[in-house]
Amino acid sequence: AAARAGAKVAYYTRLGDDAFGRMFLELWQREQVDASGVGIDAHAHTGVYFVTHGASGHEFSYLRAGSAASRMTPADLPRDVLGRSRFVHASGISLAISSTACDAVLAAFELARANGAKVSFDSNLRLKLWPLARARAMIGAAAGRADYFFPSLEDARALTGIENEDALVDWAHALGAKHVFLKLGPEGVILSDGTRRERLAGHRVQAVDATGAGDCFAGSALARIAAGDSIWDAARYANAAAALATTGFGAVAPLPRPDAVRALLAGGGR
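Thresholds, definitions, all that
Residues numbered from 1 in each chain as written. Predicted model: local features only at pLDDT ≥ 70, side-chain atom pairs only at ≥ 80, totals over all residues. Heavy atoms only, no water. Axes fitted to C-alpha atoms, helices over the stretch in contact; angles between N-to-C directions. Helix = DSSP H or I, 4+ residues; strand = E, 2+ residues; numbered from the N terminus. Parallel < 35°, antiparallel > 145°, perpendicular 65-115°, else oblique. Contact = heavy atoms within 4.5 Å. Nonpolar A, V, L, I, M, F, W, Y, C, P; charged D, E, K, R; others polar. Pairing = 2+ DSSP bridges. Phe/Tyr/Trp six-rings, centres within 6.5 Å; stacked < 30°, edge-to-face > 60°. Buried < 20%, exposed > 50% of the residue type's maximum accessible area, 1.4 Å probe, protein only. Lys NZ or Arg CZ within 6 Å of the ring centre and 35° of its normal.

Draft legend 1. The packing of helix α9 (residues 231-245) against helix α10 (residues 258-267), seen in detail. Two elements in contact, α9 and α10, have axes whose closest approach is 9 Å; the angle formed by their N-to-C orientations is 105 degrees. Here α9 is positioned roughly perpendicular relative to α10, judged by the angle of their axes. Across the interface between the two elements, Arg236, Tyr237, Ala240, Ala241, Ala243 and Leu244 from α9 touch Pro258, Ala260, Val261, Arg262, Leu264 and Leu265 from α10. A class-by-class count of the residues in the contact of α9 with α10 yields 10 nonpolar, no polar and two charged.

Structure, rendered in structure tokens:
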């Protein structure tokens, strides 16, 4: 998503030496994402998840236990790539897949901060992967290190038991997050820098699949911040990009290019 929005992007994970792993490498090459730091684990499979669709939306089934990514450790991190990065982003899913992967994410954040980079984190709560109590603790620890925190409304309510949206933004800042983007799904986003707070309405589109929309929002926002936009302008762009990402099936194919996002923004309204 960040690459399609115009950012120069590198990705880190570990893959199995298998067909799925090679498909990821080919995808990143096509999308001009630097995968030079990606590790290949000959003794584990590439992590996989399946998405099914029904009346209540999409549902995920995971094959991540014992995967190559779950075997990552802080020692595996590509320190040269991290050292060249201005922003380091991770997801709560990487915290959830194993204790060593969790340690690797937090270590990456510490390296980023030591190198003067900004830290970005998306809660991506998946309770099929870990217990709620541990999720609360580790997501809180990661969010507390974040310059940019991207919780969804659903995640934030599950983590806190709080319903009120403004109170959830307050919770995120209380953890230590400097800038908060509370994603509201089709209703848009609330963003806050701790002193100013703004709500952006969602865009009306013909949505068919929300898979990856939150990731699209985060990647698009970071790309625009990296390009020099304010968080407010970056959120407007990301809000439109995420809406467009729901108009096709899958987590990659519908990710929009800048011309489509600009066209939606130029149309105005919802």
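Text resumes after the structure shown.
Draft legend 2. Focus on the sheet that holds strand β9 (residues 148-149). Overall, mixed pairing links the six strands, which are arranged β7-β8-β9-β10-β11-β12 in an open sheet. Each edge of the open sheet is held by one strand with a lone partner, namely β7 (87-91) and β12 (197-200). Sheet topology places β7 next to strand β8 (residues 118-122); five bridges connect them, and they run parallel. By the bridge assignment, Val88 is partnered in β8 with Val119.

Draft legend 3. Expanded view of the packing of aromatic side chains. Summed over all chains, the structure comprises nine aromatic pairs. Relative to Phe181, the ring of Phe150 has its centre 4.6 Å away and its plane inclined at 15 degrees; by these criteria the two rings are stacked. Residue Phe150 is found in the loop between β9 and α6 (153-160), and its partner Phe181 is found in strand β10 (residues 179-183); the two are separated by 31 residues along the sequence. Residue Phe150 is classed as buried on the basis of its relative accessible area, which comes to 0%. A relative accessible area of 0% means that Phe181 is categorised as buried. With 6.1 Å between their ring centres and 70 degrees between their planes, Phe150 and Phe217 make a pair best called edge-to-face. You can see Phe150 sitting in the loop between β9 and α6 and its partner Phe217 sitting in helix α8 (residues 213-226), a full 67 residues away along the chain. Phe217 carries the same exposure label as Phe150, and that label is buried. What links up through ring pairs into an aromatic cluster is the set Phe109, Phe121, Phe149 and Trp171. Positioned over the ring face of Trp232 is Arg196, at 3.8 Å from the centre of the ring. Across the ring face of Tyr237, the terminal group of Arg224 is positioned such that the distance to the ring centre comes to 5.8 Å.

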